[in-house]
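This is what each chain is made of:
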Amino acid sequence: MAVPSSVLAVGWIPFTVVLLLILFFSFIYIRYFQSKYDSELSSTIVSIFALAVALFTSALVPVDIFLVSFMKNRNGTFKPWANISEDRDSMEDTVLYAYYSLYILVMVFMFFILPFVYFYYEEKDDDQPQKARCCSAFKFTIGFVIFAAVLLIVGAFAPMKTKIPDANSTSDWDRIAFLFKELGENNGEDAVSFAISCLTLVGFLTLIFYTAYGMSAWPLGLILGNRSAKSERLEVTDSRSQNQSRLQTLKDKYFGGRRRMSAQDRREVDRLEEEEAVMGRRERHLVAAEKSCLNKCFILCRPFQVLFGIVFILIAALIFVSLLLTNIDKAMHSLGPKLGYALPKRSLPNPIDITLVFAQQVFPLDYILMIGIIMYFFFCSMSGIQNMGVWFLWIRMFKIRVRRTVPQGLLFMCMIMMFITLAINIIIYQIAPQYSVYGSQHYMLKPCDTLAPPDECIMTRMTMILTTYFYKVWFFGACYYWGSWAFLGVFLIGIPVGLCKKRSAIDGQVEDDDIDDSDDDQLLRA
């Protein structure tokens, strides 16, 4: 019996709608951060599609979970259309191919499109023809393409564990191995899996650096709010007056060139002049904010801002507890580091996992909740990037600001978000192990786990890809496990940092290390 079209429609129509919403959201989001006076069409379009593709990879997870859950009735029996294993395999393969297609698309953006457009913009010159710009950009992009090829070759030919234990074995891992044995051993899949695992590992580092901090700092920022523009303007005006007085005193000291200014006083004058420039800009922005109708509307919406902040900090606490319980569960009951800390069965209660499994009884409640969790991670990540900027080692390369982000900054931001969304799939697997693996499936009126008889429970394709590769290359699973502990640690560190952070009515608009103020003047006149 073929899979009914109604089943496919219920699973894929919401996904299609989500894809369209993601495209619209990506367009609005990029335009929101894009500099009004420094932009280029190619960078804007690529940034929009890069951000959309990043979100597509996570949007497929709820569809994957829904389809495996929809195969079975609540009493644990397969529905008539899912009784034939060939029909189940056909539907699962569709999801599997969708994952690999999106992962390959992510790699194309990371190793070709984004670098090419970045260097294409860097070569911008009024006198340089388009052909020369393209050739120069392609020359620099070749290095990224070669690196991607090396990753694929290593993944295809590197020695890995390939022996699959006998399906009749009674160990936990043997049951997991039996469930994913139909994937077989394919060097093409191994190559893509190895490359994506390397990228996901980098993504986990960015998740720890940006998302964990944003998950604590963003809600606290909403709760604490910003200072009053009027009171801050008065304070800046007073500080500026004192600064000008000190500066004038130093200049009067050497008036008329009667004697040469000492090196110490010259440094002090330079410092005071720099502070004067920054405070002047702050004062102009604060005056504009004080007169802004939008700022007055924000004051009226302040109670809702506090409410959302409280809700978001509670969600963060729920994610923290769920991830902590999963980590403790893995420390006690997992298969160990040599098998990527795979967890055969959830032994400790997990609030997010329990909620999502229960919510799946009311379609599409769990789908909405899962999309909400993904978007929550996304906004926490963007909050972290906006607060800290784009860094390379100890060097801050770009600042992410509303209406002031340069095209290179947007491209880097989208690349970081691609890394992070790859890691979000891992973190979802960790905070909701039961739901992300089996959904709401049952066998003999019991929730599905690895102790179920063969072919009684169907794993999601996302989990199948992860656990298969954890078995072949345990290193990645172990890194994700210890990385999740680091994620929890950074979240805790972010709480006092968020509480102590200095707040301003023009937060992020003017900073002490800003040099060029021409864009600010244009924005104030706009």
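Trainee: What's the story with the overall build of the protein in this structure? I'm lost.
Mentor: Looking only at helices and strands, one finds 17 helices and four strands in the protein. A total of about 25100 Å² of accessible surface is found on the protein, and carbon and sulfur atoms cover 66% of it.

Trainee: Is there a simple way to explain the side chain of S436 in this structure?
Mentor: With respect to the helices and strands, S436 occurs in helix α14 (residues 433-438). Excluding its chain neighbours within four sequence positions, the residues that come into contact with S436 are I65, I428, Y429, T460, M462 and T463.

Trainee: Can you help me understand the packing of helix α3 (residues 85-122) against helix α13 (residues 407-431) in this one?
Mentor: Between two packed helices, the angle of one axis relative to the other and the distance separating the axes together describe the packing. For the pair α3 and α13, the least separation of the axes is 10 Å and the interaxial angle reads 165°. Classified by the interaxial angle, the pair formed by α3 and α13 is roughly antiparallel. Every pair of crossing elements has a handedness; the one defined by α3 and α13 is left-handed. Of α13, the residues touching α3 (which contributes Y103, V106, F109, M110, L114, P115, V117, Y118, Y121 and E122) are P407, Q408, L411, F412, M415, M418, F419, L422 and N425.

Trainee: For this particular structure, what's the right way to read the environment of H333?
Mentor: Considering the arrangement of structural elements, one finds H333 in helix α10 (residues 302-333). Leave out the neighbours within four places in its chain, and H333 touches L343, P344 and S347.

Trainee: What should I look at first to understand the nonpolar core in this one?
Mentor: Soluble globular proteins: nonpolar side chains tend toward being buried together. M215, F377, I385, M418 and I431 are the most contacted members of the largest nonpolar core, which totals 124 residues. Each residue touching M215, except ones within four places of it in the same chain, is listed here: A316, I319, Y376, F377, C380, F487 and F491.

Trainee: In this structure, what is going on with the confidence of the model for the protein? I would like to understand it.
Mentor: Low-pLDDT portions of the prediction should not be read for the details of their coordinates. Mean pLDDT over the protein stands at 80; residues scoring 70 or higher make up 85%. The secondary-structure element of the protein with the lowest mean pLDDT is helix α17 (residues 518-525), recorded at 46, while α10 shows the highest, at 90. Under a pLDDT of 50 for its full length, residues 178-184 has, in the predicted model, 21 contacts with residues more than four places off or in other chains. Confidence drops under a pLDDT of 50 for residues 516-526, and excluding neighbours within four residues, the segment shows 21 contacts in the predicted structure.

Trainee: Help me understand the packing of helix α11 (residues 351-359) against helix α12 (residues 365-388), please; the structure alone is not making it clear to me.
Mentor: It is at 7 Å that the axes of α11 and α12 come closest, and there the two elements cross at 145°. For the pair α11 and α12, contact is made by I352, T355, L356 and A359 and by L365, D366, L369, M370 and I373, respectively.

Trainee: In this structure, what is going on with empty space enclosed by the protein? I would like to understand it.
Mentor: A water-sized probe, rolled over the atoms, reveals where empty space remains. According to the stated counting rule, one finds four cavities of 30 Å³ or more in the structure shown. Quantified by volume, the second largest cavity comes out at close to 160 Å³. Among the elements that take part in the lining of the second largest cavity, α14 stands out by supplying four residues, more than any other. Among the residues forming the lining of the second largest cavity, the class breakdown is ten nonpolar, three polar and three charged.

Trainee: What am I meant to see in a nonpolar patch on the surface here?
Mentor: Together, I104, L105, V108, F112, F138, I142, V145, I146, V150 and V154 line one region of the surface with nonpolar side chains, adding up to about 760 Å² of accessible area. Those elements giving two or more residues to the nonpolar patch turn out to be α3 and α4 (130-157). The element that contributes the greatest number of residues to the nonpolar patch is α4, accounting for six residues. Inspection of the secondary structure assignment puts V108 in helix α3.

Trainee: So what exactly am I meant to see when it comes to the state of the cysteines here?
Mentor: Overall, the coordinates contain zero disulfides when judged by the stated rule. Here C134 is not disulfide-linked; the sulfur of C135 is the nearest cysteine sulfur, at 6.9 Å. Note on C135: relative accessible area 47%, which makes it partly exposed.

Trainee: Sorry if this is basic, but what is going on with the pattern of salt bridges here?
Mentor: Close approach of charged atoms allows side chains of opposite charge to pair. Under the definition given, this model contains seven salt bridges. Here E92 and R461 are joined by a salt bridge, their closest N and O atoms 3.4 Å apart. Here the residue E92 occupies a position in helix α3, and R461 occupies one in helix α15 (residues 461-472), the gap between them amounting to 369 residues. Neither residue differs from the other here; E92 and R461 are each classed as buried. Here E275 and R271 are joined by a salt bridge, their closest N and O atoms 2.5 Å apart. A residue pair is termed a helical-turn pair when its members lie 3 or 4 positions apart in one helix, as E275 and R271 do in helix α8 (residues 263-291) at four residues. Owing to a relative accessible area of 32%, E275 belongs among the partly exposed residues under this scheme.

Trainee: Is there a simple way to think about the pairing of strand β2 (residues 395-398) in this case?
Mentor: Sheet faces and side chains relate simply in a regular strand, where the side chains alternate between the two faces. Two elements, strand β1 (residues 390-392) and β2, share three bridges in a ladder whose sense is antiparallel. In the sheet register, F392 faces β2, and the bridge partner there is I395. Taking the residues that link successive antiparallel strands as the turn, the β1-β2 hairpin has two residues, and the phi of L393 there is positive, at about 55°.

Trainee: For this particular structure, what's the right way to read the side chain of S69?
Mentor: With respect to the helices and strands, S69 occurs in helix α2 (residues 41-70). Judged by its relative accessible area of 7%, S69 falls in the buried class. Excluding residues that lie within four positions of it along the chain, S69 makes contacts with Q360, Y438, G439, S440 and Q441.

Trainee: Whenever I open this one, the environment of I495 confuses me. Can you help?
Mentor: Residue placement: I495 occurs in helix α16 (residues 474-500). Measuring from C-alpha to C-alpha, the distance between I495 and Y213 comes to 8.1 Å, with 282 residues separating the pair along the chain. In this structure I495 touches S216 and L220, once residues within four positions along its chain are discounted.

Trainee: Sorry if this is basic, but what is going on with the packing of aromatic side chains here?
Mentor: Aromatic rings in a pair are described by how distant their centres are and how their planes are angled relative to each other. Taken as a whole and judged by the stated rule, the model has 31 aromatic pairs. Each residue in the set F25, Y29, Y32, F33, W218, F308, F312, Y376, F378 and F379 is aromatic and connected to the rest through ring pairs, giving one cluster. Above the plane of the ring of F78 lies K72, whose end atom (NZ or CZ) is 4.8 Å from the centre.

Trainee: I tried to follow α11 on my own but got confused; where do I start?
Mentor: Residues that lie three or four places apart on an α-helix share one face, since the helix turns once every 3.6 residues. All buried positions along α11 are accounted for by I352, D353, L356, V357 and A359. Along α11, the residues classed as buried sweep out an arc of 165° about the axis, all on the same side. Residues of α11 that are buried sit in contact with α10, α12, α13 and α14. Two to three positions downstream of the cap, the backbone nitrogen of I352 sits 3.3 Å from a side-chain oxygen, assigning the N-cap of α11 to N350.

Basis of the calculations
Residues numbered from 1 in each chain as written. Predicted model: local features only at pLDDT ≥ 70, side-chain atom pairs only at ≥ 80, totals over all residues. Heavy atoms only, no water. Helix = DSSP H or I, 4+ residues; strand = E, 2+ residues; numbered from the N terminus. Areas by Shrake-Rupley, 256 points an atom, 1.4 Å probe, with all protein chains shown as cover. Contact = heavy atoms within 4.5 Å. Axes fitted to C-alpha atoms, helices over the stretch in contact; angles between N-to-C directions. Parallel < 35°, antiparallel > 145°, perpendicular 65-115°, else oblique. Left-handed = near helix turned anticlockwise from the far one by under 90°. Core = buried A, V, L, I, M, F, W, Y, C linked by side-chain atoms within 4.5 Å. Buried < 20%, exposed > 50% of the residue type's maximum accessible area, 1.4 Å probe, protein only. pLDDT = per-residue confidence, 0-100. 1 Å grid on protein atoms, 1.4 Å probe; cavity = no way out; pocket = protein on both sides within 12 Å on 5 of 7 lines; lining within 4 Å. Points joined across faces, edges and corners; volume = space filled by probe spheres on them. Nonpolar A, V, L, I, M, F, W, Y, C, P; charged D, E, K, R; others polar. Patch = residues over 30% accessible without salt bridge, like charges linked within 9 Å, V, L, I, M, F, W, Y side chains within 5 Å. Salt bridge = Lys/Arg side-chain N within 4 Å of Asp/Glu carboxyl O. Disulfide = S-S within 2.5 Å. Pairing = 2+ DSSP bridges. Phe/Tyr/Trp six-rings, centres within 6.5 Å; stacked < 30°, edge-to-face > 60°. Lys NZ or Arg CZ within 6 Å of the ring centre and 35° of its normal. Arc of directions from axis to C-beta. Polar contact = N/O pair within 3.5 Å; in protein donor to acceptor, adjacent residues only side chain to side chain.

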